[in-house]
Amino acid sequence: MAKAGKSLFSLSTLLASFFGAAMIAAAFAYFNYKFSEYKFIDFKEWIFYEKKDIFTPKHDKYIVIFYSSKEKNVVERLSTIELNLPVIAIDYYNEAFENSKNTTFLRAGTRTSLSFIQRFNIYESPTIFFITKHKEAIYKQDSMIRKLDNLEELSKQINSL
């Protein structure tokens, strides 16, 4: 009499494989969700300066540009930008510049700058995104963060956001 052999693919092995794959898929989905969710700026928590004064937002929506003042002519080009929304330009090197009609130049202490870079995962300069007022001094990121390719084509890039 021949004995029936055990199958390599038992029901428990099949369920364990399915459960393992589901766990991996759930972890991947959660990871993508956490890194794609929009973040907030609390202007009471993070202190930014316009020259010597503390910046207090006055508008409901802003364009945020994180840039390096060491790039050639970037401050002059940011000063002459004319867009439908006010621009907040945050300098990586924390230089103080005179505000223009549409652009508010901000600087911050090292701790605020590092927190800002870390929260928004900024790896390149200049980068651009929108923020919208959520509550009092709290603004919510309202677009993806993108590398700003060319300041001269800024309005075209903003329309694509």
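Residues numbered from 1 in each chain as written. Predicted model: local features only at pLDDT ≥ 70, side-chain atom pairs only at ≥ 80, totals over all residues. Heavy atoms only, no water.

A. Up close: the packing of aromatic side chains. Scanning the entire structure with this criterion turns up 15 aromatic pairs. Centre to centre, the rings of Tyr67 and Phe105 are 6.3 Å apart; their planes meet at 75°, and the pair counts as edge-to-face. You can see Tyr67 sitting in strand 4 (residues 61–67) and its partner Phe105 sitting in strand 6 (residues 103–108), a full 38 residues away along the chain. Assigned by exposure class, Tyr67 and Phe105 land together as buried. Taken together, the aromatic side chains of Phe43, Trp46, Phe48, Phe55, Tyr62, Phe66, Tyr92, Tyr93, Phe116, Phe120, Phe129 and Tyr139 make up a single cluster linked through ring pairs. (Phe/Tyr/Trp six-rings, centres within 6.5 Å; stacked < 30°, edge-to-face > 60°. Helix = DSSP H or I, 4+ residues; strand = E, 2+ residues; numbered from the N terminus. Buried < 20%, exposed > 50% of the residue type's maximum accessible area, 1.4 Å probe, protein only.)

B. Spotlight on the side chain of Thr103. By the element assignment, Thr103 lies in strand 6. Exposure remark for Thr103: the relative accessible area of 0% places this residue in the buried category. Polar contacts involving the side chain of Thr103 include one to the main-chain carbonyl oxygen of Leu78, which spans 2.7 Å. (Polar contact = N/O pair within 3.5 Å; in protein donor to acceptor, adjacent residues only side chain to side chain.)

C. Expanded view of the pattern of salt bridges. In the structure shown here, the tally under the stated rule is four salt bridges. In this structure, Lys61 engages Asp142 in a salt bridge whose closest nitrogen and oxygen atoms are separated by 3.2 Å. With a gap of 81 residues between them, Lys61 in strand 4 and Asp142 in the loop between strand 8 (138–141) and strand 9 (146–147) connect regions that are remote in the sequence. Taking relative accessible area as the criterion, Lys61 reaches 31% and is therefore assigned partly exposed. Residue class for Asp142 comes out partly exposed when judged on its relative accessible area of 38%. (Salt bridge = Lys/Arg side-chain N within 4 Å of Asp/Glu carboxyl O.)

D. Molecular detail of helix 3 (residues 110–119). Restricting attention to buried positions, one finds in helix 3 the residues Thr112, Ser113, Phe116 and Ile117. Buried residues of helix 3 fall within an arc of 130° about the axis and therefore sit on the same side. Exposed and oriented more than 90 degrees from the buried face of helix 3 are Thr110, Arg111, Leu114 and Gln118. Against the buried residues of helix 3 lie strand 1 (40–42), strand 2 (48–50), strand 4, strand 5 (87–91), strand 6 and strand 7 (127–135). Looking one or two residues beyond helix 3, the residue adopting positive phi is Asn121, at roughly 50°. (Arc of directions from axis to C-beta. Contact = heavy atoms within 4.5 Å.)

E. Here's a closer look at the confidence of the model for the protein. Per-chain confidence: the protein averages 84 in pLDDT, with 81% of residues scoring 70 or above. The lowest-confidence element of the protein is helix 4 (residues 154–160), averaging 63 in pLDDT; the highest-confidence one is strand 6, averaging 96. (pLDDT = per-residue confidence, 0-100.)

F. Structural detail: the nonpolar core. Within the largest apolar cluster, 20 residues are counted, with the highest numbers of intra-cluster contacts made by Phe43, Phe48, Ile88, Ile90, Phe116 and Ile131. Within the residue set of this core, elements represented by two or more residues are strand 4, strand 5, strand 6, helix 3 and strand 7. In terms of residues, this core owes the most to one element, strand 4, which gives three residues. When near neighbours in sequence (up to four residues on either side) are disregarded, Phe116 contacts Ile41, Trp46, Phe48, Val64, Phe66, Ile90, Ile122 and Phe129. Residues Tyr67, Leu78, Val87 and Phe130 belong to the second largest nonpolar core, which totals 14 residues. (Core = buried A, V, L, I, M, F, W, Y, C linked by side-chain atoms within 4.5 Å.)

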